[in-house]
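Chains, contacts and geometry: an overview
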Amino acid sequence: MLDLYVNEGRVPMVDGTLVYMRGFGDRPTAADDPAPSLRLPPHVFLADGTLHASATYPLDAPAPPHGRPAAASGPDAQGLYEVRRGYWASFFPPRTIVAETGARLRLRVHNGLAGVHRLSIPGVLDTGDIAPGASAAVDVPTPPAGTYLLEDPGNAPVERLLGLHGVLVVVPAAQRWRLSEGGTEFERQWLWICQDVDPDWGRRAQAGEHIDPEATPPVPRYFMINDRSGYAALGMSRDARSNEAAHEDTLPSGFPRRVDVRDLSAGGPGTVRSGQLLRCVNTGVVVHQLHFHGNHVWTVRRNGVDFPRDGLLGLVDAEGHVLLQQWEDVVELDPRSRKETLLPLKKPPQVVEPVWAARTEDWHYPMHCHAEPSQTAAGGLYPGGMVAGWVLAGQVSPPHHTYRSQADFASDQPKEDDPLTEFRQRPDRFFERDVFGRRLRFPDGAEHEMWSFESETSGRGFPAPVIRMTENELVHVRVEPSKGPHTIHLHGMEPDPRNDGVGHTSFEVSGSYTYQFRPDAGVPGDPNEGSAGTYFYHCHVNTVLHVQMGMVGPMLVDPVVHPSFPVPAGTRRPFVDGPLYDIATELMLVPYAVDPTWHHLNHAAGLSGEDVGLNRFRAKHFYVLGGHIAQGQPKDRVWVPRQVRANASGYPTLLRVLNLNFIPTRVRFTRAGGEPVRMASLVAHDGRAYRDTVRPGSPLPEDLGNRLVTDRLAFGAAERYDMLLLPPEPGPYEIHVDWFDWVPGAAGLRLLATRTVPLTAV
């Protein structure tokens, strides 16, 4: 029997602030205890009926040093390694219960607080209400293999947000390195418990007040993964044990390998062509958008339901989310949602070959939530919130620089004046960007102070000028900020860290720097190759503020032309073997919202720890930007569509949607009278084509465009979708863009605004 104690106490946040919280601990502690027990250490229930206190599982498997599985011999290419099948144990953070299928969950909960509490795993177990000073026990069989939220559902989401939450991980007893029996195989697994903290709710709960979450919605000021934020989550503190724990249970690390998502078990004897499994659980109250640098991830499951591999079974659900195993660089995670995704740890696909060949040291890449207010702490201290990272292991692992405090980390990122572009080559495409600031008038008549990028010929408008290239071209993007420091992060492109544009993994630019990368070329039918699609670029210095201020621009990658898939004049394909579309009507729509209070701040607002409100994004102005790409962007003004058109016959129109919001968004397609019409045929997401991957090893030169057809699409910050517009006949239609609060209410997402773009099909 595992005993859990409902306790309370004060917990230090990343900036040192003490916040009242509750939690399920392993022993009774008083409210004034200097080290209250609010986080149950990880425990394991085995199928043989035994219970073990252990941070690793399987119990008989060796624990990888510092969380990193050791390298095995390389297969057939320089710099790649074999992955040992079923060998390494995984570390789990506090608040975790691991159970094998066939085990029984025997839990006893003791309520040490003044109010009624409860423990529930929806659909699995429930203690019922537990009176103050009382206890309750449950004894149930484990549910099917998967990831489950453990919580106190009282006055939802109040008790969960105060800290009464955890996670149950159920593992197939006979297939301990798989997500489910016969399911996704992995090298080792990680659990990310995503958490939000509202100190005001904590203060009121400590005072005994009743909190009505609808009357006074939460306003989180701290955001964590596995109870760590900012520099502590990145293993950069002066606390060596905390850093070690972060590397064991939060920061994925491993050697580069081959990955084939058509068959994640392929490989030589005793090896596997897979990656590392990430179980992501949102215990908080805001919608998070987990963005991975360096590699896209392969998402396989949501809330206990496996996504199909077969394109015939893929679909868009009633909310507008795509249900199909797919590559993503941004993973949407709703409150109480659980998603499993595979981090491949493969060679970054846009790295230039001489750079890769010369690599000896670890390459560090960030993971951060692109619902950017979650990157702050206490209204400032960027990046002080929900941030993590992963490491592509090399032969040398130099020690991390460490910091005394989060303020030290936030205000002291590496800055270089004129950094060197290593192994610089002659480019096929060259783009130069400077930084400007000016007031711009928007379609509703409001004027906002904007910062953005300009070229020598673009003028000073918004969004920043489009960057367009073709797969397999060597590309240079030079930033020479007249004000600094700044960087350019090529969002969705995956070069080496030096060319990734992130301060704490490379440097910030105060002089100039030329980013160098090469988009990899697509192969017909192969889901593992190709980078054609929609991306964007933005400044990654004080990103929360600088992206909202307008330091963003679209970036498009066209596919190489394959001899088996010719391209007639006036047409193009969204990916190498994708359907043809009409160049003249190619369309881009960019949802963007403005919180006007942010547009009066200075470039470094919040970096020294002052509360400038960067955890509170309260949009007042809502815009749809963009238009027909072939017509070009206007100079010195905001690019907005007044009237757009689509082809009802001949080659269809391609619509690219780029979400520059920090909040959830939905696009709907209707006739002029408001009747929904299924006219959006989705072909790509986050720069990767939708593919059928159910047949291992078999390239399928076909797209899924005519299968993933919808009248609505729901997506979050920084996501991009490419779709063919297929109006059933000529006539008037409308594209509606809906914005939602990132803190859902009891009835779900709260609608903030809707804007409509008239569309004429001809």
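A brief structural summary. (Residues numbered from 1 in each chain as written. Predicted model: local features only at pLDDT ≥ 70, side-chain atom pairs only at ≥ 80, totals over all residues. Heavy atoms only, no water.)

A tally of regular secondary structure across the chain gives seven helices and 51 strands. Seen through its principal axes, the chain has C-alpha atoms that stretch 75 × 60 × 55 Å. The contacts in the chain between residues at least 6 apart in sequence include a share of 74% that link residues at least 24 apart. In the form shown here, the chain has an accessible surface area of approximately 25,300 Å², with 50% of it arising from carbon and sulfur atoms. (Helix = DSSP H or I, 4+ residues; strand = E, 2+ residues; numbered from the N terminus. Contact = heavy atoms within 4.5 Å. Areas by Shrake-Rupley, 256 points an atom, 1.4 Å probe, with all protein chains shown as cover.)

Glancing now at helix α4 (residues 240-249). Along α4, the residues that are buried comprise N243, A245, A246, E248 and D249. Turning to α4, the residues buried within the fold contact β6 (90-91), β14 (189-197) and α3 (230-233). Among the residues of α4, the N-terminal cap falls to D239, whose side-chain oxygen and the backbone nitrogen of R241 are separated by 3.1 Å. (Buried < 20%, exposed > 50% of the residue type's maximum accessible area, 1.4 Å probe, protein only. Polar contact = N/O pair within 3.5 Å; in protein donor to acceptor, adjacent residues only side chain to side chain.)

This part takes up the pattern of salt bridges. Any two side chains of opposite charge can pair if their charged atoms end up close together. Applying the stated criterion across every chain yields a total of 51 salt bridges. With a shortest N-O distance of 2.8 Å, E586 and R656 are connected by a salt bridge. Of the two residues, E586 is situated in the loop between β39 (581-582) and β40 (587-594) and R656 in strand β43 (residues 653-658); the sequence distance between them amounts to 70 residues. Judged by its relative accessible area of 1%, R656 falls in the buried class. Via salt bridges that share partners, R468, D558, R572, E586, R656 and D722 belong to a single interconnected network. (Salt bridge = Lys/Arg side-chain N within 4 Å of Asp/Glu carboxyl O.)

This next bit is on the nonpolar core. L290, F669 and M723 are the most contacted members of the largest nonpolar core, which totals 134 residues. Of the residues forming this core, the biggest block, seven residues, is contributed by β40. With 26 residues, the next largest nonpolar core counts L40, A99, L119 and V124 among its residues. (Core = buried A, V, L, I, M, F, W, Y, C linked by side-chain atoms within 4.5 Å.)

With mixed pairing, five strands are arranged side by side in an open sheet as β42-β51-β50-β44-β48. Edge strands, defined here as strands with exactly one partner in the open sheet, are β42 (644-646) and β48 (712-715). Pairwise comparison of adjacent strand axes, ignoring direction, gives a mean angle of 25° for this sheet. Across ten bridges, strand β50 (residues 731-740) lies against strand β51 (residues 751-761) in antiparallel orientation. In the strand pairing of β51, H736 is matched with T756. (Pairing = 2+ DSSP bridges. Axes fitted to C-alpha atoms, helices over the stretch in contact; angles between N-to-C directions.)

Pairing is mixed in the open sheet, where five strands are placed in the order β16-β27-β26-β18-β24. In this open sheet, the two edge strands, each paired with only one partner strand, are β16 (253-254) and β24 (330-333). Bridge count between strand β18 (residues 288-292) and strand β26 (residues 363-369): three bridges; the pairing is antiparallel. Of the residues in β26, the one forming a bridge with H291 is H368.

Next up on the list: unusual backbone geometry. Omega for the bond connecting Y57 with P58 falls within 30 degrees of zero, at -5°, which places this linkage in the cis form. Summarising the element assignment, P58 is placed in the loop between β5 (56-57) and β6. Residue P463 is reached from F462 by a cis peptide bond, and omega for that bond is -5°. As for its position among the elements, P463 is in the loop between β30 (447-454) and β31 (467-470). For N303, which is not a glycine, the phi torsion comes out positive at approximately 50°.

Right, let's talk about the pairing of strand β17 (residues 276-282) for a bit. The element β17 is largely enclosed, with a buried count of seven among its seven residues. Of the two faces of β17, the one lined by Q276, L278, C280 and N282 and the one lined by L277, R279 and V281 are each fully buried. Bridge analysis of β14 against β17 gives six bridges, and the strand direction is parallel. Among the inter-strand pairings, I193 is bridged to a residue of β17, identified as V281.

Tracing the sequence through the fold places R279 in strand β17. The side chain of R279 is buried and forms no salt bridge, while E340, the nearest opposite charge, is found at 4.0 Å. Here T147 takes part through its side chain, which lies 2.8 Å from a polar atom of the side chain of R279. A polar contact of 2.6 Å, which involves the side chain of R279, links it to the side chain of Q189. Look past the residues within four positions of R279 in its chain and what remains in contact with it is G146, T147, V169, V170, L179, Q189, W190, L191, W192, K339 and E340. (Lys, Arg positive; Asp, Glu negative; His and termini not counted.)

With that settled, consider the state of the cysteines. Note on terminology: disulfide describes a covalent bond linking the sulfur atoms of two cysteines. Going through the model one piece at a time under the given rule, you end up with zero disulfides. For the unlinked cysteine C369, the closest cysteine sulfur is that of C194, found at 8.0 Å. According to the relative accessible area criterion, C369 is buried, its value standing at 0%. Of all cysteine sulfurs, the one in C369 lies closest to C539, which takes part in no disulfide; the gap is 18 Å. (Disulfide = S-S within 2.5 Å.)

The next subject is helix α2 (residues 199-206). Burial in α2 covers these residues: P199, W201, G202, R204 and A205. Buried residues along α2 sit in contact with β2 (18-25), α1 (158-162), β14 and β15 (222-225). Between the side-chain oxygen at the start of α2 and the backbone nitrogen of D200 there is a gap of 2.9 Å, and the oxygen is on D198. After α2 finishes, the residue G208 shows a positive phi value of roughly 85°.

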